[in-house]
Amino acid sequence: MQLHLIAVGNRMPAWVGEAYQDYAKRLPRECALKLVEIAPGKRGRNADVQRIVRDEGERMLAAIPRDCQVIALEVGGKSWSTPQLAVQLESWMHSGRDTALLVGGPEGMDAACRERADQLWSLSALTLPHPLVRVILAEQLYRAWSVMVGHPYHRE
C-alpha cells in the first residue's frame, strides 16, 4: 500500500520539507508516504474564495490515484488516539488499496472532496497551520506504524 498525501500548498519553508521527509523516509516500503502538492489558487484583495476552493478541490480529486480509499483531514472529522490510528493504518494496509489523505487550503476543503471521502479524520480541534499539518501527519503515521509493529519509537 502507498499513502498519497494530497495537500494544497507549495513553496513551503525548508524546515517543513526537512521535517516531513525525516518522518516519511522512516516508513517502510509497504506503507510509503508520497506527497502530492496542489498549487493554491491566487488569493488577492477581491478574490472569489468559493471559486478558488472549488478549483483546488477539483485538482485534489483529479490527483487521487485510481481505486484509492480517501481520507479527508477535516476539523469536524473523527479524532483518533495513537492506538486507534494504528488500527486504522493497519486496516488501510490490509484493504489491498492505496490510501489518499486530503488536506485542503487556508480556507478549507471543497465539499466535493469531503463527499468523495470514505472517512473524515480530525488531527485536532485546533486550527493548525497547513505547513505544520504535513509534519504532524507524517510523524503520526510513523508513530502509528511503530505501534503496529512494536517498534520502540512510541512509548506510552
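The coordinates are above.
In this report, the structure presented in the accompanying data block is examined. Counting restarts for each chain, with residues numbered from 1 along the sequence as it is written. Residues qualify for local features only when their pLDDT is at least 70, as the model is predicted, and side-chain atom pairs are given and counted only at 80 or more; totals for whole chains, interfaces and linings, by contrast, use all residues. To get the side-chain values, all heavy atoms of the structure are used, and hydrogens and water are removed first.

**Quick notes on the side chain of His-4**
Then, number 1: In this text, helices come from DSSP runs of H or I with a minimum length of four residues, and strands from runs of E with a minimum of two, each type numbered from the N-terminal end. Here His-4 lies in strand 1 (residues 2-8).
Then, number 2: For the exposure calls, accessible area comes from a 1.4 Å probe over protein chains only, and a residue counts as buried if that area is under 20% of its type's maximum, exposed if over 50%, partly exposed in between. You can call His-4 buried: its relative accessible area is 5%.
Then, number 3: Note on contacts: a residue pair qualifies if any of its non-hydrogen atoms lie within 4.5 Å across the two residues. Discounting chain neighbours no more than four positions away, the residues touching His-4 are Lys-34, Pro-65, Cys-68, Asp-98, Thr-99, Ala-100 and Leu-101.

**Regarding the environment of Trp-145**
Then, number 1: With respect to the helices, strands and loops of the structure, Trp-145 is situated in helix 5 (residues 130-149).
Then, number 2: Taking the relative accessible area as the measure of exposure, Trp-145 reaches 13% and is therefore buried.
Then, number 3: Trp-145 sits 22 residues away from Leu-123 along the chain, and the two C-alpha atoms are 16 Å apart.
Then, number 4: Filtering out sequence-adjacent residues up to four positions away, Trp-145 remains in contact with Leu-27, Pro-28, Glu-30, Leu-89 and His-151.

**Description of the nonpolar core**
Then, number 1: In this structure, Leu-33, Trp-92, Leu-101, Trp-121 and Leu-141 are the most contacted members of the largest nonpolar core, which totals 26 residues.
Then, number 2: Sorting the residues of this core by element identifies strand 1, helix 1 (14-24), strand 3 (69-79), helix 3 (82-94), strand 4 (99-103) and helix 5 as the ones contributing at least two each.
Then, number 3: Once residues lying within four places of it in the same chain are set aside, the contact partners of Trp-121 are Ile-71, Ala-72, Leu-73, Glu-74, Gly-77, Lys-78, Trp-80, Leu-85, Trp-92, Leu-101 and Leu-137.
Then, number 4: Side-chain atoms within 4.5 Å link the members of a nonpolar core, which is a set of buried Ala, Val, Leu, Ile, Met, Phe, Trp, Tyr and Cys residues. Within the second largest apolar cluster, 14 residues are counted, among which are Ile-6, Met-60, Cys-68 and Met-109.

**Considerations on the packing of aromatic side chains**
Then, number 1: Pairing of aromatic side chains here covers Phe, Tyr and the six-membered ring of Trp, requires ring centres within 6.5 Å, and sorts the geometry by plane angle: under 30 degrees stacked, over 60 edge-to-face, intermediate tilted. Overall, the coordinates contain four aromatic pairs when judged by the stated rule.
Then, number 2: Counting every residue linked through ring pairs, the aromatic cluster contains Trp-80, Trp-92 and Trp-121.

**A look at the sheet that holds strand 4**
Then, number 1: Spatially, the five strands line up as an open sheet ordered 2-1-4-3-5, and their pairing is parallel. At either end of the open sheet lies a strand with only one pairing partner, and these are strand 2 (32-38) and strand 5 (119-122). The sheet shows a mean angle of 30° between the axes of neighbouring strands, taken without regard to direction.
Then, number 2: Strands qualify as paired when DSSP identifies two bridges or more between them. Pairing analysis gives five bridges linking strand 1 to strand 4, with the strands arranged parallel. What sits directly across from Leu-3, in strand 4, is Thr-99.
Then, number 3: A fitted line through C-alpha atoms represents every axis, and for helices the fit uses only the stretch in contact; the resulting angles, taken between N-to-C directions, go from 0 to 180 degrees. Relative to the sheet, helix 5 contacts strand 1, strand 2, strand 3, strand 4 and strand 5, its axis offset from that of strand 1 by approximately 170°.

**Overview of unusual backbone geometry**
Then, number 1: The phi angle at Arg-11 is positive, at roughly 55°, despite the residue not being glycine.
Then, number 2: Within the element layout of this structure, Arg-11 appears in the loop between strand 1 and helix 1.
Then, number 3: Since its relative accessible area comes to 79%, Arg-11 is described here as exposed.

**Observations regarding the pairing of strand 1**
Then, number 1: Along strand 1, six of the seven residues are buried, which leaves the element largely enclosed by surrounding structure.
Then, number 2: Pairing between strand 1 and strand 2: seven bridges, direction parallel. Opposite Leu-5, over in strand 2, you have Leu-35 as the bridge partner.
Then, number 3: Classification remark: right-handed applies to a crossover when, strands pointing away from the viewer, the course from the first strand over the helix to the second runs clockwise. Crossover handedness for the path strand 1 to helix 1 to strand 2: right-handed.

Keep in mind these numbers describe shape, not what the thing actually does.
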